[in-house]
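So you can see what is in the structure, the chains are spelled out below.
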Amino acid sequence: MLAGKVVAVVVPAHDASADGTAAAARASGDGRVVVVRHERNGGVGAAIVTGYRRALAEGADVACVMAADNQMDPNELERIASPVAQGEVDYAKANRLVSGEAWRVMPRSRYLGGAILSFLTKIASGYWHVADSQSGYTAATREILEQLDLERVYPRYGFPNDMLVHLNVWNARVRDVPARPVYGVGERSGIRLRSVVPRISWLLVKGFFWRMREKYVIRDFHPLVLFYLLGFVMSVCGFGLGVAEVVLRIMGNAVSVGTVVLVALLLIFGSQFTLFAMWFDMESNKDLR
């Protein structure tokens, strides 16, 4: 119980694992522990969704997620869940980057990869005030979980990123909670950034266009869609024409001044329209915190 609300904690582990995790959890002797096991590995996101559904079925008002890799300090659970339990926000998540300590304790590749994905997630989700999108230490209200179509959220690594995209479509209030980064505690990650970063980046590109359609076209039209569209078309045309000019120049062909000016104008106006669209998006979501 927290602030009069029933709190459940979902602890995702490797689905259908044969390492004794499920047996160890059942043998804990704690009556509050409920083990739900998938017959086939569906990914960390699928495990979290199953945990969410079980928590809701058990009557939880707040459902938290705390991974089983020892990188999430249990002592910070109450601080992350409190804004949700008190009705201040719909979704809260840990932010390990805010203190600067993460740069010292996180592997450089993980830090830089996470920073890139955090920036892309800001654009895709519209939550410009949220960082450390890879952090899966979260808390959510029963109401927002019942609203979301959880089966549509990406089921594997990248679930927290896609979750933010879906939350924004429903205008969920989201808050970052400063948290201590924990590394070097015996965890072993099987994540390969060279494959994960491109895959999640593509996921976020698709999520961005899905959010634009769902939130700003289907549910309530917003002119920022036109700004994004114009920015995209002009930037692509300017870049394509610029490449063609360079190729022609290398081949010894003359390039007119007018064509150079056209390329410059397309790129300038394309970037301006895109920046205006981002600003509109930021203003539209400034109250969702």
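The coordinates are above.
Residues numbered from 1 in each chain as written. Predicted model: local features only at pLDDT ≥ 70, side-chain atom pairs only at ≥ 80, totals over all residues. Heavy atoms only, no water.

A word on helix α5 (residues 108-125)
Here is step 1 of the chain: Between its first and last C-alpha atoms α5 spans 25 Å; for 18 residues at 1.5 Å apiece the expected length is 26 Å, and the two agree.
Here is step 2 of the chain: At the exit of α5 stands Gly126, carrying a positive phi of roughly 85 degrees. (Helix = DSSP H or I, 4+ residues; strand = E, 2+ residues; numbered from the N terminus. Expected span 1.5 Å × (residues − 1).)

Thoughts on the pattern of salt bridges
Here is step 1 of the chain: Counting across every chain of the model gives 14 salt bridges.
Here is step 2 of the chain: Note that Asp90 is salt-bridged to Arg173, the shortest N-O span being 3.3 Å. Highlighted residues: Asp90 in the loop between α3 (77-85) and β3 (91-95) and Arg173 in the loop between α7 (159-169) and β5 (174-178), separated in sequence by 83 residues.
Here is step 3 of the chain: The buried category is assigned to Asp90, whose relative accessible area is 16%.
Here is step 4 of the chain: Measuring nitrogen to oxygen at the nearest pair gives 2.9 Å for the salt bridge that ties Arg96 to Asp132. With a gap of 36 residues between them, Arg96 in the loop between β3 and α4 (102-105) and Asp132 in the loop between α5 and β4 (138-141) connect regions that are remote in the sequence.
Here is step 5 of the chain: Residue Asp132 is classed as buried on the basis of its relative accessible area, which comes to 3%.
Here is step 6 of the chain: Within the structure, one salt-bridge network assembled from shared partners comprises Arg213, Glu214 and Arg219. (Salt bridge = Lys/Arg side-chain N within 4 Å of Asp/Glu carboxyl O. Buried < 20%, exposed > 50% of the residue type's maximum accessible area, 1.4 Å probe, protein only.)

Considerations on the environment of His14
Here is step 1 of the chain: When you line up the elements, His14 lands in the loop between β1 (7-10) and α1 (21-26).
Here is step 2 of the chain: A C-alpha to C-alpha distance of 29 Å links His14 and Pro83, two positions 69 residues apart in sequence.

Examining the packing of aromatic side chains
Here is step 1 of the chain: The final tally for this structure, using the stated rule, is six aromatic pairs.
Here is step 2 of the chain: Between the aromatic rings of Phe208 and Phe209, the centroid separation amounts to 5.2 Å while the plane-to-plane angle is 75 degrees, which identifies the pairing as edge-to-face.
Here is step 3 of the chain: These aromatic residues form a ring-pair network of at least three members: Phe227, Phe273, Phe276, Trp279 and Phe280.
Here is step 4 of the chain: Across from the ring centre of Trp170, 4.5 Å away, lies the NZ or CZ of Arg219, which sits over that ring. (Phe/Tyr/Trp six-rings, centres within 6.5 Å; stacked < 30°, edge-to-face > 60°. Lys NZ or Arg CZ within 6 Å of the ring centre and 35° of its normal.)

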